[in-house]
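Here are the chains, one letter per residue:
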Amino acid sequence: MIKKFLRWAFAPVPLARVAVFRVIIYSFIIWDIFTLTNDVIPHGYAPEFYDPLWIGRWLPFPEPTVLGAIIMQWALVVSCIVAASGFFSRTSGWAVAILFLAWMENSQGFSYVSHDHMALMVTTWVLPTVGRAGFRDLRVSEAAGWALRITQFATVVTYFGSVFAKIASNGYSFIAWPNSSVFTWAFMRRGSELVTWTLAYPWLLKTAQWGLYIIEILSIAVFWLRGKWQYAFISLFFVFHLATYLALGIHFLPTVVCWLAFFPLERIATGVALLWGKIRHRTGNTANAVSPNTPTVEPVEVESGK
Amino acid sequence: MSENIPAQPQDPDRPLTLARHHKVTRLLATAIALTILTIAQINPTNDWFPLGSLSQYSYGRPLDSPTRAVRIMATTQTGDEIRVPLNQQGVGIGRAEIEGQLDRILADPSMLEGIARAWGGLHPHRPAFIELRLERTTSYVENGVPTGQVDVEELTTWTVQGTYGSGSGDAS
């Protein structure tokens, strides 16, 4: 039993998968700090509203200032670029983890805490533990396996754990939340023109609530699925998030991006290398090109369960 | 790092294993994080961010309960009445961030000075705020459908003390 758990927790995956995942995650963070969590710089103008969270009180994070936030933002951009490129992977990765924690502590430290960044923040703390990982390094590694497993787990727990919050916050009832009018409440408050039409159709909002609730309960099943069934199941989440985004304007992108930890991302690197090889071949510069005929190592599908 | 030195670098099927103590450290860290996260769900707290309660939108609302929201209205130095945009681009402070510390603000309305300062800093060429009114709106709902009736209640007011932004050029 314990052995089986350890094999699952440390199931080796190709290092190239981590290399590609790093590009995705660190690029996403750059986009995130300029669009989703871009309240950190404005927060510097109104520090009297700062109400630090536990980590903000116990760790020496700077008090919110405009200049401090601008410095932090550009330090994050630089460390994300270095970390995505794979140079000094541990140092740059830890720099991102610490800076992003400080950034998010400020963003969430004004008395409103959202939870859509949980998996992303956990990811920034596990990615540096893998160390060097090349884009074409198809050797499988337990360190890489653990890091991606933790990302997967944090992603799923974001959904699964919130079911407990929904039951606990509604008098320990299992059906009170999906039967309530929580989306009506949310959309009346948000008041975006895109979504207000839905207020006339409470059954639509209730259906969406049930859909979300059921998909959250089922989320944990992803670990018992294999191969194409697993990908199909995850696609269900992508479709659900796309639908709620189009209909209601709510996305959960910081969590959605972490779902990619389930996919054989190293194939992107192999594909890009092959394409690059073909382009170089065609332009006549074959010096260092990867020939399409070079036998590439098929990624080991450790998750296909034997 | 030592644990990543492969036995046979050319053989991709041979996993790069982790030494036992590296595995123990990783499992311990995971166990601690998971314990914090679990306790935060049972005894909901946001204070343990990022491992706090996964509580966003977790409070179900009864089908007939009115929807309350807080807003800030401002009188600008040009005499206009505007609704302060409580978001990232507006004043940087979100509405939920005002609602989360309503008690603090009501106990010390001078905190609202920060809203005027942020507006001046972010929009230096727009007319500055000279007075702020914190209001609560209550929108009524019947069977899950808004009735359209909205009540407005004034919670507190604040006369801005400082001069912010360069919008003062066309004052009075």
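Preceding this section is the structure that the text describes.
Residues numbered from 1 in each chain as written. Chains lettered and ligands numbered in written order. Predicted model: local features only at pLDDT ≥ 70, side-chain atom pairs only at ≥ 80, totals over all residues. Heavy atoms only, no water.

### A short note on the overall build of chain B
- If you tally the helices and strands in chain B, you get four helices and four strands.
- Across the 172 residues that make up chain B, the buried fraction comes to 40%.
- At a minimum sequence separation of 6, the contacts of chain B that also span at least 24 residues come to 57%.
- Accessible area of chain B: about 9,100 Å², with a carbon and sulfur share of 53%. (Helix = DSSP H or I, 4+ residues; strand = E, 2+ residues; numbered from the N terminus. Buried < 20%, exposed > 50% of the residue type's maximum accessible area, 1.4 Å probe, protein only. Contact = heavy atoms within 4.5 Å. Areas by Shrake-Rupley, 256 points an atom, 1.4 Å probe, with all protein chains shown as cover.)

### Observations concerning the interface of chain A and chain B
- In this complex, chain A contributes 76 residues to the contact, which on the side of chain B involves 69 residues.
- Surface buried jointly by chain A and chain B totals about 6,100 Å² across both partners, of which 61% is contributed by carbon and sulfur atoms.
- It is A:Y45, A:F49 and A:R189 that lose the most area in chain A upon contact with chain B, and together they represent 13% of the buried surface on that side.
- On inspection of chain A and its partner chain B, the count reaches three salt bridges.
- Residues A:R57 and B:D47 are paired through a salt bridge, measuring 2.7 Å at the closest nitrogen-oxygen approach.
- At the junction of chain A and chain B, the tally comes to 20 residue pairs in polar contact (both at pLDDT 80 or more).
- Of the residues forming the side of chain A that touches chain B, the biggest block, 11 residues, is contributed by helix α8 (residues 142–168) of chain A. (Buried area = accessible area lost by both parts, 1.4 Å probe. Salt bridge = Lys/Arg side-chain N within 4 Å of Asp/Glu carboxyl O. Polar contact = N/O pair within 3.5 Å; in protein donor to acceptor, adjacent residues only side chain to side chain.)

### Remarks on the pattern of salt bridges
- According to the stated counting rule, one finds 11 salt bridges over all chains in the structure shown.
- The salt bridge partner of A:K166 is A:E216, with a shortest N-O separation of 3.0 Å. One end of the pair, A:K166, is in helix α8; the other, A:E216, is in helix α11 (residues 202–218), with 50 residues separating them in the sequence.
- For A:E216, a relative accessible area of 6% puts it in the buried group.
- Linked through salt bridges whose partners overlap, the residues forming this network are B:R71, B:E81, B:R133, B:E135 and B:E154.

### Details of a positive patch on the surface
- Residues A:K3, A:K4, A:R7 and A:R226 make up a contiguous surface patch of positive charge.
- Exposure remark for A:K3: the relative accessible area of 66% places this residue in the exposed category. (Patch = residues over 30% accessible without salt bridge, like charges linked within 9 Å, V, L, I, M, F, W, Y side chains within 5 Å. Lys, Arg positive; Asp, Glu negative; His and termini not counted. Charge placed at Lys NZ, Arg CZ, Asp CG, Glu CD.)

### Quick look at the nonpolar core
- Grouped together as the largest cluster of nonpolar side chains are 90 residues, with contacts concentrated most on A:I25, A:Y26, A:I29 and A:F100.
- By residue number, the principal contributor to this core is α8(A), which donates 12 residues.
- B:A74, B:V84, B:L86 and B:V160 belong to the second largest nonpolar core, which has 26 residues in total. (Core = buried A, V, L, I, M, F, W, Y, C linked by side-chain atoms within 4.5 Å.)

### Section: unusual backbone geometry
- B:P50 follows B:F49 through a cis peptide bond whose omega is 5°.
- On the secondary structure map, B:P50 appears in the loop between α1 (20–42) and β1 (67–76).
- Even without a glycine there, the phi angle at A:F88 is positive, about 40°.
- With respect to the secondary-structure elements, A:F88 resides in the loop between α5 (66–85) and α6 (89–108).
- Residue class for A:F88 comes out exposed when judged on its relative accessible area of 66%.
- In the Ramachandran plot, B:N143 falls in the positive-phi region, its phi being about 50° despite a non-glycine side chain.

### Some remarks on the pairing of strand β4 (residues 145–159) of chain B
Residue and element names in this part refer to chain B.
- In this sheet, β4 lies alongside strand β3 (residues 129–142) in antiparallel orientation, the contact comprising 11 bridges. Among the inter-strand pairings, V141 is bridged to a residue of β4, identified as P146.
- Hairpin connection from β3 to β4: two residues lie between these consecutive antiparallel strands, with N143 at a positive phi of about 50°. (Pairing = 2+ DSSP bridges.)

### A closer look at the packing of helix α2 (residues 15–35) of chain A against α5(A)
Residues and elements named next belong to chain A.
- Direction vectors running N to C along α2 and α5 enclose 165°, while the axes themselves pass 8 Å from each other. One element, α2, and the other, α5, form an angle in the roughly antiparallel class. For the pair α2 and α5, the sense of crossing is left-handed. Residues R22, V23, Y26, I29, I30, I33 and F34 of α2 form the contact with α5, whose own contacting residues are Q73, W74, L76, V77, C80, I81, A83 and A84.
- In terms of residue class, the contact of α2 with α5 is made up of 13 nonpolar, one polar and one charged. (Axes fitted to C-alpha atoms, helices over the stretch in contact; angles between N-to-C directions. Parallel < 35°, antiparallel > 145°, perpendicular 65-115°, else oblique. Left-handed = near helix turned anticlockwise from the far one by under 90°. Nonpolar A, V, L, I, M, F, W, Y, C, P; charged D, E, K, R; others polar.)

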